[in-house]
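# A look at the structure
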Amino acid sequence: MPHFDMILKGGSLVLPWGETLADVGVTHGRIAAIGGLAGASADEVVDVTGLTVLPGIIDAHVHLRDPGDPAVETIATGTKAAILGGVCTVFDMPNTTPSITSTEQLAWKRDYIQGRSYADIGFYVGGSMKNLDDLGRLETEENVCAVKIFAGSSTGDLLVADDASLERAMRSGRRPIAYHSEDEFRLQARKPAYEAGGPHRLHAEWRDVECAALGTRRIVALARKTGRPCHILHVSTAEELDFLGQAREIATVEVLLNHLTQTDEAYDRLGGYAVMNPPIRDARHKDAAWAAMANGTIDVVGSDHAPHSRAAKERPWPATAAGLTGVQTILPIMLDHVSAGRLSLSRLADVMAAGPARVYGAVGKGRIAMGYDADFTVVDMKKTRTIEESWIASPCGWTPFAGYTCHGWPVATIIRGQVAMREDEVQGAPKGAGVRFR
């Protein structure tokens with residue numbers, strides 16, 4: 001019988017073709033066998049009897065703030081949070097300080113993650129008014145998951161708002177571009193109507209449904225004109241989801257955990273800790289998101305993990321910093337949605353592993369299959385646990401989901417055949433690597 005580096009024994013595997021009880025053999029960091037391996041030997045046997053083995057979860061939308069403010073987040077702390085939450089791979093956004101917009105900055109970041117990242121990691125490269133013609137070259141750089149363009153609501157130098165510049169970006173390169181698609185012109189035109197010190201729920205009124213829907217319609221129209229695929233991030237409205245369902249030839253769709261889980265009551269309960277862009281909306285839009293989950297419109301569910309200091313979150317609106325933590329809590333809450341019957345484990349694996357890998361072209365990620373990276377997220381669907389801020393690894397130290405009780409919990413994170421987390425304990429030093437993309 002064969003010998004493996006690792007065998008996962010006795011788990012319920014969530015495979016692309018359904019759930020099955022089977023063992024998995026791992027050699028040189030990749031899946032080498034799936035099936036009955038009773039007679040095989042291994043250097044390490046991980047007993048997962050009674051547990052569910054998902055393909056390694058990918059959070060394709062995180063802001064690790066590095067370089068930036070280490071008191072809020074770093075590559076090390078953010079990826080530690082990821083593996084504690086059962087996430088094997090993260091794709092890191094470019095709006096750092098400075099922004100990641102050049103070959104030199106990508107090379108720095110590629111070197112910087114070595115010995116710091118606990119999870120495997122891909123990099124977005126930011127589109128700006130200064131590098132539009134270079135994007136086609138930058139998107140082919142090693143470990144780049146996509147170009148990210150802020151068509152609205154950017155910080156720093158990453159705003160690309162007008163149609164001519166957006167079209168110019170689309171004509172440089174061929175891979176899908178990821179967009180923050182709120183309409184900047186509507187945002188700025190409406191801003192003077194809102195005074196400082198107003199209630200936090202005005203955030204959703206200022207950044208209204210039309211702001212998001214108009215931005216998405218504009219980007220899809222330009223994508224169709226140029227033939228350049230677009231990936232619309234954090235879709236938050238029923239109107240967008242209906243529209244994007246008719247644009248599948250050119251557009252893919254990300255929805256955030258927050259828009260599947262929270263409604264506008266969060267503003268009254270959490271104040272500034274509910275402020276994010278695009279905003280949390282009323283129950284009509286949450287219901288539309290779940291309908292889109294059921295009909296297949298949603299390709300990816302992400303966290304948009306975007307930590308800020310408590311002081312920044314507690315400033316009066318509209319000076320409140322926009323962005324919520326999420327990489328450590330996204331999977332436990334999605335497992336709770338599974339337990340509540342809102343989606344199946346197979347659909348969870350689709351939108352949190354296979355979907356991100358497909359949309360971004362991640363090589364060897366996203367499914368439990370022969371030859372793929374041995375990335376596994378092991379979960380106990382019988383475990384009930386309440387999220388507490390003391391568990392949060394990000395130095396900002398807060399979560400908008402404190403007190404949320406989850407039915408289902410990640411108990412091990414395995415990355416390329418190495419156990420990174422087991423029962424809330426980080427195993428060893430950071431061993432994350434850059435993800436390869438097609």
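One structure accompanies this document, and this report is about it.

Conventions we followed
- Residues numbered from 1 in each chain as written.
- Predicted model: local features only at pLDDT ≥ 70, side-chain atom pairs only at ≥ 80, totals over all residues.
- Heavy atoms only, no water.
- Helix = DSSP H or I, 4+ residues; strand = E, 2+ residues; numbered from the N terminus.
- Rg over C-alpha atoms; globule rule 2.2 N^0.38 Å.
- Buried < 20%, exposed > 50% of the residue type's maximum accessible area, 1.4 Å probe, protein only.
- Contact = heavy atoms within 4.5 Å.
- Phe/Tyr/Trp six-rings, centres within 6.5 Å; stacked < 30°, edge-to-face > 60°.
- Lys NZ or Arg CZ within 6 Å of the ring centre and 35° of its normal.
- Pairing = 2+ DSSP bridges.
- Right-handed = clockwise from strand over helix to strand, strands pointing away.

## Here we look at the overall build of the protein chain
- Broken down by element type, the protein chain carries 14 helices and 17 strands.
- In terms of overall dimensions, the protein chain is globule-like: its C-alpha atoms have a radius of gyration of 21 Å, near the 22 Å expected for 438 residues.
- With respect to the principal axes defined by its C-alpha atoms, the protein chain has extents near 70 × 45 × 40 Å.
- Counting only residues that meet the buried cut, the protein chain has 62% of its 438 residues in that class.
- Counting contacts in the protein chain only where the partners sit at least 6 residues apart, residues at least 24 apart contribute 74% of the total.

## Points about the packing of aromatic side chains
- By the definition in use, this model includes nine aromatic pairs.
- Ring centres of W108 and Y112 lie 4.5 Å apart, and the angle between their planes is 20°; on these two criteria the pair is classed as stacked. Here Y112 and W108 lie together in helix α2 (residues 103-112), a separation of four residues that amounts to about one turn.
- By relative accessible area, which is 37% here, W108 ends up partly exposed.
- A centroid spacing of 5.0 Å and a plane angle of 50° characterise the contact between W391 and W409, whose relative ring orientation is tilted. Taken together, the residues span a long stretch of sequence, with W391 in the loop between β14 (376-386) and β15 (405-415) and W409 in strand β15 at a distance of 18 residues.
- Residue W391 is classed as buried on the basis of its relative accessible area of 11%.
- Among the aromatic residues, those joined into a cluster by ring pairs are F91, Y124, Y360 and F437.
- Between the NZ or CZ atom of K148 and the centre of the ring of F150, over which it lies, the distance is 3.8 Å.
- Sitting above the plane of the W206 ring, R207 keeps its charged end 4.7 Å from the centroid.

## Considering the pairing of strand β7 (residues 87-92)
- For β7, the tally of buried residues reaches six of six residues, placing the bulk of the element in the interior.
- With four bridges connecting them, strand β6 (residues 57-62) and β7 associate as parallel partners. The partner of I58 across the bridge, within β7, is T89.
- With respect to chirality, the unit in which β6 leads through helix α1 (residues 75-84) into the neighbouring parallel β7 is right-handed.

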